[in-house]
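Now for the letters of each chain:
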Amino acid sequence: MRPDDRSRSSAEVSGSAFDVVQARDVEGGIHFHGAREQGQRLPRPNQLPGGTSGFVNRLHELARLNEVLEQAGEEPVAVYLITGTAGVGKTSLALHWAHSVRHRFPDGQLYVNLRGYDPGAPVTAEQALHQFLRVLGVPATGIPVALEDRSALFRSLLADRRVLVILDNAASPGQVRPLLPGSSTCLVLVTSRNRFSGLVARDGARRLVLDMLTEDEAVRLLRTVTAGYRDDDDTADLVELARLCARLPLALRIAAERASSRPLMMLRELIDDLRDESGLWDALTADHDDESDAVRTVFAWSYRTLPAAAARLFRLLGLHPGAEFCVTAAAALGGLGLSETRKLLDALIGAHMLEQHAPNRFQFHDLLRIYAAQQALQHENAAARRDAVDRGLSWYLHTLSNATAVIAPFERRVVLTPLPANTTPWHFEDRAEAFEWYESERANLVAAVRTATSAGRDDIAWRLPVLLRSIYVHQNPFEDWIETSSAGLEAAERIGDLAAQGEVLDSLGKAYLQSQRLDHAEECHARARALRAEVGDRYGEMVSVNALGLLEWRRRRLTSAVDRFQQCLEIAHELADRRWQALAMTNLGGVRYDLTELETAIDSLSRSVLTYQEIGDRAYEGNALFCLARARRENGDLDVAAELVGRALAIAEEERHAVGEAYWLIEWGRIQRARGDVAESLLSYQRSAVAQRRLGDRNREAQALDGTGEAYRELGRPEEAEKFHRTAVTAFHETGDRWLLAHALTNLTLALRESERPEQAAATEQEAIAVLAEFDEPRARQLVALLRRTNG
């Protein structure tokens, strides 16, 4: 497929993936027009979980919510806050109403449980936006790194659309504000135990305080849930049961479920059991809160009636690292088979002690998760708890290893800890299935590193981030990457494992390099190389030498980079490692291109491409094709260059290589310009700039913007070109990349001359020549010659 054909088909498939660069993102009011403005349809999300069965009462509150939609001539309400104590039914009310008004929001409904009151880490605004952007059609590889950029993209996608957004269990305004669409056509429904006075005062939110049910409403709920099982219960007994449940819907439903499961038992006997449980809880609890005590009492009352196997799985699930889990993870935690686990999960769902919110995804109410962990602490001895946690962590470790074996089959395998008995990891058929698993378990994998650290499993805590490296390196999730690798490094240091330290330092160094923190990257890679030499890891040394070469290349120390890559190539020959021989030759070819040694570069890169094809390494073949395309373009072989970069981009799409695709699009833009297709190059630069923004690579984003300016200048529109070049200059000043700054300053000088602003052009030229003087290399001398040749 030709790159220009591919550009059109990608835009059609992924719509919002290549949307607008907004005016605030580019100085001077510049817009890149994307899918929204071309009239393409965006996905229509339908994320509402199922409503609560047998919902009754709350007629006054439902009427209040309905008023929001009937405000003719008034300022529309953009945010509505439902507050109340735990278990009072905030989520049930929100979802029941949302389902009843879905037709009023034809562009879709978004839902996220922010888990603000879970015992584990709450869902951050960044994580929630990642989920929303995915369902709105943005590929995982195209989601911005920075919170501000994610929020801006979210607002752009929802602008002028009628979408209902439910933010469930929010704990802080910091979770909520970045998730507000900013459009009066959307409505955000927030549930929280907090009153969020600031959200009301600053953001104009309306507040609905949800109280406990009245006595009549509580009795009606009990009768609704038990209908068909026990229709003859005395009203006075139902009133007493409602009182013991503090008239809280969560407690009432659990109590009613238990009553329904024992239709022949007198309700008075059930009430006596619950009263005895309440008395026991009072005796064990120093602080008394009637509502909380009532909920915990009902939990205990229902828990004690579970079959022993279901009760044990319930409490062990309280030890799971994350907030939600799949059947296989639950089976590992319980040390059970899949069939038995499914039956026990069904029992817990039937008792309202667990909920299934998506296919093969289960979660607790936050109060029940706390209660489950408490029961594990009380009823499982330390060895049993440790074994359960070990099984859960080992399941994540071995399943992740299986996933990376499919996603990155050429990476050096990590020697794993032994798999405990009764633990069966997942296996994957292909990359798509493996990557889908990673996406669904991404938050749990980060939580697993935290759990491994707190549980004293440092041997797992360092292995998880080392395995994640092969996924992270193509996705740039810098927050997760740096957190997990930093924790893994501390774990490796605690157990004194030098080889492990080298591996985690390599991962951390790659994260710092790709996030343009070059000093940190150099420190990590230098330490990794020293440690690997100390333990005799020749392969690891080779990897570290290459990483240090990449740093020299990024800093434009080309001669030093050649020395590093040559050393890497020698070690690869020593180890008879053909893949690394090709990788070193690719990097050598890239540097030779920068040194304007085109014939040498083309020879080295051509051999690299052939080797990658022979061994079947598609991802690195794509990188070699991109490098070869650059050399061929500069050599005047434009058709060949176009074919090469087209193959590279096709591989990037197939391999989900977001980092490569975003960068290689810049070269396609250059080739288009060289062939005279200047207007078409703007789309390539646009796509690259937007993708780089989402990947968090400011340097390469600025390169794409600088290329856009070159295209506008070639189209005879120097004033527009100037704006893009100024943006690039500002970015390179901030990132400290002096070489790319020199390029952008040169381009800005040319645009200013063509705009007939000689004084500004002269000042910019002076700065450009001063920066270029820092580089003793052919391309720097070429740029100086260009500036002087075009001056006057």
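Because the structure is predicted, anything quoted here is derived from the model rather than measured.

Cut-offs used in this document
- Residues numbered from 1 in each chain as written.
- Predicted model: local features only at pLDDT ≥ 70, side-chain atom pairs only at ≥ 80, totals over all residues.
- Heavy atoms only, no water.
- Salt bridge = Lys/Arg side-chain N within 4 Å of Asp/Glu carboxyl O.
- Helix = DSSP H or I, 4+ residues; strand = E, 2+ residues; numbered from the N terminus.
- Buried < 20%, exposed > 50% of the residue type's maximum accessible area, 1.4 Å probe, protein only.
- Pairing = 2+ DSSP bridges.
- Phe/Tyr/Trp six-rings, centres within 6.5 Å; stacked < 30°, edge-to-face > 60°.
- Lys NZ or Arg CZ within 6 Å of the ring centre and 35° of its normal.
- Axes fitted to C-alpha atoms, helices over the stretch in contact; angles between N-to-C directions.
- Parallel < 35°, antiparallel > 145°, perpendicular 65-115°, else oblique.
- Contact = heavy atoms within 4.5 Å.
- Nonpolar A, V, L, I, M, F, W, Y, C, P; charged D, E, K, R; others polar.

Please explain the pattern of salt bridges as it appears in this structure.
When their charged atoms lie close together, side chains carrying opposite charge are able to pair. Under the criterion given, the structure shown has 61 salt bridges. Asp149 is paired through a salt bridge with Arg693; the nearest N and O atoms lie 3.1 Å apart. Of the two residues, Asp149 is situated in helix α5 (residues 147–158) and Arg693 in helix α30 (residues 678–695); the sequence distance between them amounts to 544 residues. Of the charged contacts in the structure, one is a salt bridge between Arg632 and Asp637, with a shortest N-O distance of 3.1 Å. A relative accessible area of 25% places Arg632 in the partly exposed class. Counted as one network, the salt bridges with shared partners bring together Arg412, Arg469, Glu503, Asp506, Lys510, Arg532 and Asp537.

What is the right way to read the pairing of strand β3 (residues 164–168) from this model?
Regular strands have side chains that alternate between both faces of the sheet. Within β3, 5 of the 5 residues are buried, which leaves it mostly tucked inside the rest of the structure. Residues Leu164, Ile166 and Asp168 of β3 are buried on one face, and the alternating residues Val165 and Leu167, pointing to the opposite face, are buried as well. By the bridge criterion, 5 bridges tie strand β2 (residues 109–113) to β3 in an arrangement that is parallel. Residue pairing in the sheet places Val112 in a bridge with Leu167 of β3. Direction of pairing for β3 relative to strand β4 (residues 187–192): parallel, over a ladder of 4 bridges. For Leu167, the partnering residue across the bridge sits in β4 and is Val190.

Teacher, can you tell me more about the packing of aromatic side chains here?
In this description, an aromatic ring pair is defined by two values, namely the gap between the centres and the angle between the planes. Scanning the entire structure with this criterion turns up 23 aromatic pairs. Arranged with centres 6.2 Å apart and planes meeting at 20°, the rings of Phe325 and Phe362 form a pair that is stacked. In this pair, Phe325 is assigned in strand β6 (residues 324–325) and Phe362 in strand β8 (residues 361–363), connecting sequence segments 37 residues apart. Measuring from ring centre to ring centre gives 6.2 Å for Phe478 and Trp481, while their planes differ by 5°; the resulting arrangement is stacked. One end of the pair is Phe478 and the other is Trp481, both in helix α20 (residues 478–494) and 3 residues apart, which spans about a single turn. Judged by relative accessible area, Trp481 falls into the buried class, the value being 0%. Members of the aromatic cluster, each reached through a chain of ring pairs, are Phe299, Tyr303, Phe314, Phe325, Phe362, Phe364 and Tyr371. Sitting over the ring of Tyr663, Arg700 keeps its end group 3.8 Å from the ring centre. Looking at Arg779, its charged tip hangs above the ring of Tyr593, at a distance of 4.4 Å from the centre.

What am I meant to see in the packing of helix α13 (residues 308–317) against helix α14 (residues 327–334) here?
When two helices pack together, you describe them by how their axes are tilted relative to each other and by the distance separating the axes. At a minimum axis distance of 9 Å, the contact between α13 and α14 shows a crossing angle of 105°. Taken together, the axis directions place α13 and α14 in an arrangement best described as roughly perpendicular. Residues Arg312, Leu313, Leu316 and Leu317 of α13 form the contact with α14, whose own contacting residues are Ala330, Leu333 and Gly334. Here the contact of α13 with α14 is composed, by residue class, of 5 nonpolar, 1 polar and 1 charged.

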